[in-house]
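If you want the building blocks of each chain, they are given just below.
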Amino acid sequence: PVFGITIASIVEFNTEIPPQPIYAVSLDDAASSTFQTKLTTHYTENIYSYSFGKAFTTSVVTISVYHFLQASTFEFAGVSSTYSAGAVKFTVEIDKWDFLASQNTLRLYITSQVLGNFTSHLLASQTDVLGNLRAYKVTVNDYSLFGQIVPKAEVDGAITSQTVQYVPSSSSSESADGSVVIFIPHFLQKVVIDPNYAVLIDTNDNSPPSSP
């Protein structure tokens, strides 16, 4: 099987009950983009920056993708996470988002997809006491894609808790996909989102997911 992870889109929601989506962007909507690579003894870091022009300001979304060459530990918001060699980690920063209304919020959609000829397909997940997604695993045949999430973000310099959900989209004998949805509160300057999201592909591992 082939496993894929995509930072798919950012969607702005209004304050209705329930909130309604009113504006969405994907990486394909970017007005301009830049790319750079950093290499350390523990990981490679690919940094992608995208500019989105809207109204009278420009929002910048920066995505850092870490590929670990050996086991490493990162700390964010007082939580330490250890990543094995071969793991992939994302950090997403949104700077100066031009909200259409003062109390609107955002949702970040990260999609996972598995392609191949399936003899078996299993999705397992684990949530915390508030119902937030902490870990999930998609197992196809004898291969597993594992994601772990710490539901915290840095919003205008302050650490806040956030809601995280997993939404399965579709599955068949040849593909399965779904989205991790991260709820982002209204902010004025900058938000750093979920730097402890990681994916590790294991073989011959059918155990349930565990929290980081």
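Our structure's up above, just so we're on the same page.
Right, let's walk through the structure included here. Computed from a predicted structure; not experimentally measured.

### Let's talk about the environment of Leu 115
Piece 1. Within the element layout of this structure, Leu 115 appears in strand β9 (residues 105-115).
Piece 2. It is 5.0 Å that separates the C-alpha atoms of Leu 115 and Val 2, two residues lying 113 residues apart in sequence.

### Observations concerning the nonpolar core
Piece 1. Ile 94, Leu 108, Val 180, Ile 184 and Phe 187 are the most contacted members of the largest nonpolar core, which totals 33 residues.
Piece 2. Those residues in contact with Ile 94, other than ones at most four positions away along the chain, are Ile 10, Val 60, Val 61, Leu 106, Ile 184, Phe 187, Gln 189, Lys 190, Val 191 and Ile 193.

### Here's the deal with empty space enclosed by the protein
Piece 1. A complete count under the given rule lists two cavities of 30 Å³ or more for this structure.
Piece 2. If you go around the largest cavity, the residues you meet are Ile 7, Ala 8, Ser 9, Ile 10, Val 25, Ser 26, Leu 27, Phe 52, Val 61, Ile 63, Val 92 and Leu 108.
Piece 3. Taken together, the elements giving at least two residues each to the lining of the largest cavity come down to β1 (2-13), β2 (21-26) and β5 (57-68).
Piece 4. In terms of residue count, the dominant contributor to the lining of the largest cavity is β1 (four residues).
Piece 5. In terms of residue class, the lining of the largest cavity is built from 10 nonpolar, two polar and no charged.

### Quick notes on unusual backbone geometry
With the exception of glycine, most residues fall at negative phi, and the peptide bonds are largely trans.
Piece 1. In this model, Ile 17 is joined to Pro 18 through a cis peptide bond whose omega is -5 degrees.
Piece 2. The phi dihedral of Lys 96 is positive, around 55 degrees, even though this residue is not glycine.
Piece 3. Residue Asp 156 is not a glycine yet carries a positive backbone phi of 50 degrees.
Piece 4. Counting through the fold element by element, Asp 156 comes out in the loop between β13 (152-155) and β14 (158-161).
Piece 5. A relative accessible area of 36% places Asp 156 in the partly exposed class.

### A short note on the packing of aromatic side chains
Piece 1. The tally for this structure, following the rule as stated, stands at 11 aromatic pairs.
Piece 2. Between Tyr 43 and Tyr 66, the aromatic rings sit 5.3 Å apart at their centres with planes inclined by 70 degrees, giving edge-to-face as the arrangement. Separated by 23 residues along the polypeptide, Tyr 43 in strand β4 (residues 43-54) and Tyr 66 in strand β5 bring together distant segments of the chain.
Piece 3. When its relative accessible area of 10% is taken as the criterion, Tyr 66 is described as buried.

### Notes on the pattern of salt bridges
Piece 1. Under the counting rule described, the total for this entry stands at two salt bridges.
Piece 2. Glu 93 is the partner of Lys 190 in a salt bridge, and the nearest nitrogen-oxygen pair spans 3.2 Å. Note that Lys 190 is positioned in strand β17 (residues 190-203) and Glu 93 in strand β8 (residues 88-95), a separation of 97 residues in sequence.
Piece 3. A salt bridge links Lys 96 to Asp 95; the nearest nitrogen and oxygen atoms lie 3.9 Å apart.
Piece 4. Take Lys 96: its relative accessible area is 44%, and that puts it in the partly exposed class.

Scoring rules and cut-offs
- Residues numbered from 1 in each chain as written.
- Predicted model: local features only at pLDDT ≥ 70, side-chain atom pairs only at ≥ 80, totals over all residues.
- Heavy atoms only, no water.
- Helix = DSSP H or I, 4+ residues; strand = E, 2+ residues; numbered from the N terminus.
- Core = buried A, V, L, I, M, F, W, Y, C linked by side-chain atoms within 4.5 Å.
- Buried < 20%, exposed > 50% of the residue type's maximum accessible area, 1.4 Å probe, protein only.
- Contact = heavy atoms within 4.5 Å.
- 1 Å grid on protein atoms, 1.4 Å probe; cavity = no way out; pocket = protein on both sides within 12 Å on 5 of 7 lines; lining within 4 Å.
- Points joined across faces, edges and corners; volume = space filled by probe spheres on them.
- Nonpolar A, V, L, I, M, F, W, Y, C, P; charged D, E, K, R; others polar.
- Phe/Tyr/Trp six-rings, centres within 6.5 Å; stacked < 30°, edge-to-face > 60°.
- Salt bridge = Lys/Arg side-chain N within 4 Å of Asp/Glu carboxyl O.

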